[in-house]
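Chains, contacts and geometry: an overview
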Amino acid sequence: MMATTHGFVALAAATLALPVLSEYVSAPVVLTVAFLGGVAPDLDLAAVHRRTLHFPVLGPVSAVVAGAMAIAVPTQWTVAAAVFLGGAALHASSDVLGGSAEHEPWNPTTERGVYNHALGRWHRPRRVVPYSGAPADLLFAAPFAAVTVLSTATGRSADGTVLALFVGSAGYVLVRKRLGAVVAALQRTLPIR
Ligand SMILES: [Zn+2]
């Protein structure tokens, strides 16, 4: 699934918990940290995607530990850490619902969904969302984005940012299959290394 889809899922969860969380961390910071935690695992696109920074078991475990710490010692730092790790855990544990981790996942050649470090093997992709950037990906993301946009707990700037990110994601879905050709064309015309 798209990084932004995971960001919207984390945002929706943070939005629902906002009345409690905002006692310790300001609402804009909670939402920003949740979104960043939600997208963070996909930074491993530069390494071994869905393996280096995706922890489908250790992620949720560390999020639960951080959550327990935040309940025991609620400060802005422990709460923010729990929100960040919670977002990352939701990402890593739900990526198995998507397609395979490869360049053209709509023509799959592997059965690599997400790597389980605890078991030392890949989970096969369940393809509920057939591939990252599929129209179904945007459809899956929509209700989560809507939770934040429609919530009265979130301010106008947060709602506007989420809407802009959703429109950006829609644009990505439109060009997803041509992305390889677009990048190749850019590399021919621009001196990108
Ligand atoms: Zn991912």
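Residues numbered from 1 in each chain as written. Predicted model: local features only at pLDDT ≥ 70, side-chain atom pairs only at ≥ 80, totals over all residues. Heavy atoms only, no water.

The name an unreviewed UniProt entry gives the protein chain is Metal-dependent hydrolase, with Halosimplex aquaticum as the organism.

1. Details of the overall build of the protein chain
Operational definition: Strands are runs of DSSP state E lasting at least 2 residues, helices are runs of H or I lasting at least 4, and numbering of each runs from the N terminus. Note that the radius of gyration is over C-alpha atoms, with the globule rule given as 2.2 Å times the number of residues to the power 0.38. Burial classification: accessible surface area is computed with a 1.4 Å probe over protein chains only, and a residue below 20% of its type maximum counts as buried, one above 50% as exposed, and the rest as partly exposed. A contact between two residues is defined here by any heavy atoms of the two lying within 4.5 Å. For accessible areas, the Shrake-Rupley method is used with a probe of radius 1.4 Å. Any residue's cover is judged against the shown protein chains and nothing else. When charges are tallied, Lys and Arg are placed among the positive residues and Asp and Glu among the negative ones, while His and the ends of the chain are skipped. Here the site of a charge means NZ on Lys, CZ on Arg, CG on Asp, or CD on Glu.
A count of helical and extended segments in the protein chain gives 7 helices and 2 strands. Taken from the N to the C terminus, the helices and strands of the protein chain come in the order α-α-α-α-β-β-α-α-α. Relative to its length of 193 residues, the protein chain is compact, with a C-alpha radius of gyration of 17 Å against a globular reference of 16 Å. Over its C-alpha atoms, taken along the principal directions, the protein chain stretches across nearly 50 × 40 × 35 Å. Burial statistics for the protein chain: of 193 residues in total, 41% are counted as buried. Summarising the internal contacts of the protein chain: among those between residues at least 6 apart in sequence, 69% fall at separations of at least 24. About 10,400 Å² of surface is accessible on the protein chain, with carbon and sulfur atoms providing 70% of the total. Taken together, the 13 basic and 9 acidic charged side chains of the protein chain have centroids lying 8 Å from each other.

2. Some remarks on the coordination of the zinc ion
So the rule is basically this: A 2.8 Å cut-off from the metal defines N, O and S donors, relaxed to 3.2 Å for Na, K and Ca; water is not in the atom list, so some sites may appear incomplete.
At this site the zinc ion is bound by Asp 42 (OD), His 54 (NE2), His 91 (NE2) and Asp 95 (OD), with donor distances of 2.1 to 2.3 Å. Within one chain, the residues serving as donors to the zinc ion are arranged as D-x11-H-x36-H-x3-D. Within this pair, whereas His 54 is found in the loop between helix H2 (27-39) and helix H3 (58-72), its partner Asp 95 is found in the loop between helix H4 (76-94) and strand E1 (114-116), the two being separated by 41 residues in sequence. Using a relative accessible area of 0% as the deciding quantity, one classes Asp 95 as buried.

3. Here we look at the pattern of salt bridges
Our working definition: Each reported salt bridge corresponds to a side-chain nitrogen of Lys or Arg within 4 Å of a carboxyl oxygen of Asp or Glu.
In this structure the tally under the stated criterion is 2 salt bridges. Across the pair Arg 50 and Asp 95 runs a salt bridge whose closest N-O atoms are separated by 3.2 Å. Note that Arg 50 is positioned in the loop between H2 and H3 and Asp 95 in the loop between H4 and E1, a separation of 45 residues in sequence. Since its relative accessible area comes to 2%, Arg 50 is described here as buried. Of the charged contacts, one joins Glu 111 and Arg 127 as a salt bridge, the two residues approaching to 3.2 Å between their closest N and O atoms. Here Glu 111, found in the loop between H4 and E1, pairs with Arg 127, found in the loop between strand E2 (121-123) and helix H5 (135-150); they are 16 residues apart in sequence, far enough to count as distant.

4. Some points on the packing of helix H1 (residues 3-21) against H2
Going by this rule: The angle between two axes is taken between their N-to-C directions and runs from 0 to 180 degrees, where each axis is a line fitted to C-alpha atoms and a helix contributes only its stretch in contact. Crossing chirality is assigned from the near helix's rotation relative to the far helix, an anticlockwise turn below a right angle marking it left-handed and a clockwise turn marking it right-handed. Gly is put with the polar residues, along with every residue not named as nonpolar or charged; the nonpolar set is Ala, Val, Leu, Ile, Met, Phe, Trp, Tyr, Cys and Pro, and the charged set is Asp, Glu, Lys and Arg.
Across the interface, H1 lies against H2 with an axial gap of 7 Å and an inter-helix angle of 145 degrees. Relative to H2, H1 is oriented so that their crossing is right-handed. Note on element contacts: H2 touches H1 through Ala 27, Val 30, Leu 31, Ala 34, Phe 35, Gly 38 and Val 39, opposite Ala 3, Thr 4, His 6, Gly 7, Phe 8, Ala 10, Leu 11, Ala 14, Thr 15, Leu 18 and Leu 21. The residue inventory of the contact of H1 with H2, partitioned by class, reads 13 nonpolar, 5 polar and no charged.

5. With respect to helix H6 (residues 156-175)
Heads up, the condition is: In this scheme, a helix's expected span is set at 1.5 Å multiplied by one less than its residue total.
The first and last C-alpha atoms of H6 sit 29 Å apart over 20 residues, in line with the 28 Å expected at 1.5 Å per residue. Packing partners of the buried residues in H6 comprise H1, H2 and H5.

6. Focus: the side chain of Glu 102
Mapped onto the secondary structure, Glu 102 falls in the loop between H4 and E1. Salt bridges are absent for the buried Glu 102, whose nearest opposite-charge side chain, Arg 127, sits at 5.1 Å. Those residues in contact with Glu 102 that sit more than four places away from it in its chain are Asn 107, Pro 108, Thr 109 and Thr 110.

7. Side note on H2
In this model, H2 (13 residues) spans 19 Å end to end at C-alpha, consistent with the 18 Å of a helix rising 1.5 Å per residue. All of the buried residues in H2 are Val 30, Leu 31, Val 33, Ala 34, Phe 35, Gly 37, Gly 38 and Val 39. Buried residues along H2 sit against H1, H4 and H6.

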